[in-house]
Amino acid sequence: MSRITLTRNSFNGGELSPLLSSRIDQQRYTAGCRTLRNMTVYPHGAAVRRPGMRHMGTGLPLQPAGSAAVRLVPFVFSQEQAYVLELGEGVMRVWKDDGLVVSADGSPVCVETPWKGDALQSLQYCQSADVMYLVCRQCAPRKLARHAHDDWRITLLEFGAGLPAPQGLTAAAGGAAEREYAYVVTAVAPDGGEESLPSEAVNVTAAASLNVRDMVRLTWQPVEGAGAYCVYKSIAGGGSYGYIGKAAGVPAYEDRGAEPDFGQGPPEYRNPFDGEGRWPGCVQFYQQRLCFAGTDEKPQTIWCSQSANYESMNISSPLRDDDAVTVTIAADRVNRIRWMMPARRLLVGTAGGEWQLSGSGDAPLTPVDAQLRRDTMHGSAGLMPLVIGQSILFVQRDGRTVREFRYALESDGYDAGDLTILAEHLMRGRRIVSWCYQQSPASVVWCALSDGTLAAMTFLREHEVVGWHRHDTDGFVEAVTAIPGDDGDEVWLSVRRVRVLHDENGTRQEEVRSIERLETVLRGTDTAAAFYVDAGLSRVGEPVSAVRGLDHLEGRTVQILCDGWVHPPRKVHGGTVELDTPAGHVHVGLGYVSELVPTAFEVMTGDGSSQGRRRRVTRVRVELHESMGLRAGAQGTVLSEVLFRMASDKAGRALPLFSGEKDIAVESLHSGRTHIVLRQEDPLPLTVLAVTAQLELGEW
């Protein structure tokens with residue numbers, strides 16, 4: 001019988017599929033886990049217990065069965081001005097910092113919306129400063145504008161020029177009446193960018209050869225907001241207008257024989273989204289254009305606005321480079337466009353494959369230079385993709401597979417690798433319904449699944465880190481989103497939870513919606529600051545003997561941390577829990593279990609692999625960082641509590657968080673594989689840096 005010592009000092013391979021349990025040759029096996037529940041992994045390799053979920057307030061009322069879940073949408077103007085929009089059935093509320101945004105009278109800001117049911121769930125959006133554009137195929141495009149912290153307005157998106165067309169155009173001719181001319185005038189914004197639609201045409205008969213003496217003088221009413229006016233001329237009823245000059249500021253122009261440039265005509269009004277069946281399902285920015293796609297009538301067509309004029313789909317005759325662009329995917333099957341995302345090119349996901357749109361070479365996109373190219377044929381779900389560094393993550397059309405759309409230099413195109421293949425079991429029988437990316441502190445993608453649980457992936461491409469972990473809570477998670485915060489990115493969640501009410505008719509359960517925020521990662525050794533409860537609240541100040549304000553947890557048994565001590569569980573009555581002794585720093589909420597089970601310890605020895613041989617784990621040592629409270633042992637046995645308080649520690653004082661090594665008592669018989677289980681059930685932090693096991697290997 002031989003004795004060996006093995007160490008696992010990285011867990012960033014994440015939880016691996018049971019189909020990989022014998023693949024000790026797989027690169028991620030030694031950094032992987034059999035179970036990683038309510039534990040995140042850091043790119044460095046450590047396994048860290050996820051923080052608790054702090055209750056920010058009660059969400060929108062639950063609608064009758066069968067109605068849509070809420071949507072959480074990030075509205076980020078800047079690092080300091082970031083909001084979460086709670087979109088429910090026909091209504092929107094706004095969250096920021098520690099609660100709802102309220103108006104001057106103290107009532108929550110509440111805005112009526114047109115989105116309900118399927119429209120709410122299929123809603124897509126993009127944002128520019130204080131304006132967000134929102135689309136779905138069930139209703140006309142809308143525009144959300146923030147006019148002030150407590151002033152939010154949703155309006156119908158009206159396409160066209162921002163400036164009105166000039167009115168009252170008149171023409172006075174000099175000289176003999178020999179030739180017929182027609183003129184139109186447009187107004188131009190002061191920066192020389194946006195141009196209005198043309199005025200009503202005016203016809204005049206003047207000299208055949210206009211000059212300084214025999215001219216046509218045009219006048220019109222000034223347009224508010226215009227910096228200049230463009231004048232276009234048509235000769236002898238030709239029908240086409242060509243540019244002849246510009247009037248700077250003054251609403252008048254003298255035509256002294258200028259030749260019209262028919263290569264530059266006036267704008268023509270166009271609105272491709274003017275009715276049911278023609279409303280787009282996707283929206284995104286690309287090269288200073290606002291792009292729409294995926295209507296019912298034209299599911300494979302992309303419309304791009306005029307350059308730097310997002311709300312104008314106008315074109316000219318002939319076309320100019322800054323006119324609106326329309327392009328349709330030509331493919332063997334008609335697959336609806338599901339999403340768009342700007343990168344080196346405009347990336348387009350359809351139900352049948354992934355494409356890119358751009359001008360030829362490095363040229364910009366124009367109405368006469370629009371190139372479409374198909375890169376992959378996986379097919380996309382309707383979820384908006386996530387941008388992480390140089391990678392774009394999207395959900396495959398089955399709703400369970402996450403793929404990385406990434407530029408490949410060798411092919412000058414994009415490929416789409418499967419990021420869920422090593423953890424496919426996490427998605428079995430489920431699909432992703434909402435997701436977000438939390439860049440800081442650990443670069444984690446959070447996915448709300450259709451069964452109300454969470455799956456998360458630590459993703460850092462530059463270090464080849466892809467590790468999945470599962471998360472659950474005593475409730476049903478229906479939506480997630482992330483916004484910038486003061487100490488890293490904030491993850492917000494909408495969770496349906498149950499409270500127990502007592503009345504004259506007896507006991508009944510009531511489901512309520514809770515808006516919660518994932519707590520920031522604890523740094524330091526202050527045990528009293530540890531927040532590891534869900535739907536939780538904190539009370540900090542003078543010592544109290546009761547904590548109030550827990551109506552959302554009425555009738556539930558909660559965990560409590562008082563001044564760094566684990567208090568016995570209590571049941572909430574009347575929104576209150578009573579404490580055994582007064583405490584000044586109290587956290588109260590629903591408990592959750594975190595568990596880490598590394599993959600089985602296997603090794604290649606001089607006489608072959610340890611796989612299949614009988615073995616016994618004799619000793620286990622775990623290295624912890626800023627942790628407190630732990631139960632550990634061999635799977636299938638009673639887990640033993642790891643002691644942290646020593647005889648030298650002062651009685652009556654909470655211990656600081658522990659960093660160092662702890663020996664684990666293990667009860668293991670000679671058998672096949674033995675799995676080591678590390679479990680945290682108390683409202684305390686746990687960070688595992690390494691697990692070392694001593695094994696005795698026998699024969700077959």
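Below is a short write-up of the structure. (Residues numbered from 1 in each chain as written. Predicted model: local features only at pLDDT ≥ 70, side-chain atom pairs only at ≥ 80, totals over all residues. Heavy atoms only, no water.)

1. Re the nonpolar core
What counts is decided by this rule: We call a set of buried residues a nonpolar core when its members are Ala, Val, Leu, Ile, Met, Phe, Trp, Tyr or Cys and they connect through side-chain atoms within 4.5 Å of each other. Buried, partly exposed and exposed residues are distinguished by accessible area as a fraction of the type maximum, computed with a 1.4 Å probe on protein chains only: under 20%, between the cut-offs, and over 50%, respectively. Numbering of helices and strands runs from the N terminus, with a helix taken as a DSSP run of H or I at least four residues long and a strand as a DSSP run of E at least two residues long. Residues are treated as being in contact if the distance between any of their heavy atoms lies within 4.5 Å.
Grouped together as the largest cluster of nonpolar side chains are 39 residues, with contacts concentrated most on Leu678 and Val688. Sorting the residues of this core by element identifies β1 (2-8), β3 (32-37), β4 (39-41), β51 (615-627), β52 (631-634), β55 (676-680) and β56 (687-697) as the ones contributing at least two each. In this view, Val688 contacts Phe11, Ala46, Ala47, Leu596, Val622, Glu623, Leu624 and Leu678; residues no more than four positions away in its chain are not counted. Judged by nonpolar contacts, the second largest core, of 23 residues, contains Val101, Leu134, Leu144 and Ile154.

2. Digging into empty space enclosed by the protein
Convention followed: Here a cavity means grid points, on a 1 Å grid over the protein atoms only, where a 1.4 Å probe fits yet cannot get out; a pocket means an open set of points with protein on both sides within 12 Å along at least five of seven lines; lining residues are those with an atom within 4 Å of a point. Grid points are joined across faces, edges and corners, and a volume is the space filled by probe spheres set on the points. Classes in brief: Ala, Val, Leu, Ile, Met, Phe, Trp, Tyr, Cys and Pro nonpolar; Asp, Glu, Lys and Arg charged; the others, Gly included, polar.
Taken as a whole and judged by the stated rule, the model has 2 cavities of 30 Å³ or more. A volume near 110 Å³ is recorded for the largest cavity. Residue lining of the largest cavity: 15 residues in total, with Thr40, Pro51, Gln438, Pro441 and Val521 positioned closest to the centre. Among the residues making up the lining of the largest cavity, the classes are represented as 9 nonpolar, 3 polar and 3 charged. Approximately 40 Å³ is the volume found for the second largest cavity. Lining the second largest cavity, in full, are Gln438, Ser440, Pro441, Asp487, Asp489, Thr520, Val521 and Arg523. Residues that form the lining of the second largest cavity fall into these classes: 2 nonpolar, 3 polar and 3 charged.

3. As for the layout of surface pockets
Within this model, the largest pocket holds a volume of roughly 1,500 Å³. Lining the largest pocket are 49 residues, with Tyr125, Met384, Pro385, Leu386 and Trp435 sitting closest to its centre. For the lining of the largest pocket, the secondary structure elements donating two or more residues are β7 (71-76), β12 (124-128), β24 (282-286), β29 (337-342), β33 (386-388), β37 (432-438), β41 (476-485) and β42 (488-503). Here the lining of the largest pocket is composed, by residue class, of 30 nonpolar, 11 polar and 8 charged. In this structure, the second largest pocket occupies an estimated 390 Å³ of space. Grouping the amino acids of the lining of the second largest pocket by side-chain chemistry returns 10 nonpolar, 3 polar and 5 charged.

4. A few points about the sheet that holds strand β18 (residues 202-206)
Applied cut-off: What makes two strands pair is DSSP finding at least two bridges between them. For every element, the axis is a line fit to its C-alpha atoms; helices are fit only across the contacting stretch, and the angle between N-to-C directions ranges from 0 to 180 degrees.
Strand order in the open sheet made by the 4 strands is β18-β17-β20-β21, with antiparallel pairing throughout. Sheet topology places β18 and β21 (242-247) at the edges, where each strand pairs with a single neighbour. Strand-to-strand twist across the sheet, computed as the mean angle between neighbouring axes with direction ignored, equals 30°. Inspection of the sheet shows strand β20 (residues 228-235) paired to β21 by 5 bridges, in the antiparallel sense. Counterpart to Lys233 in the pairing with β21 is Gly242.

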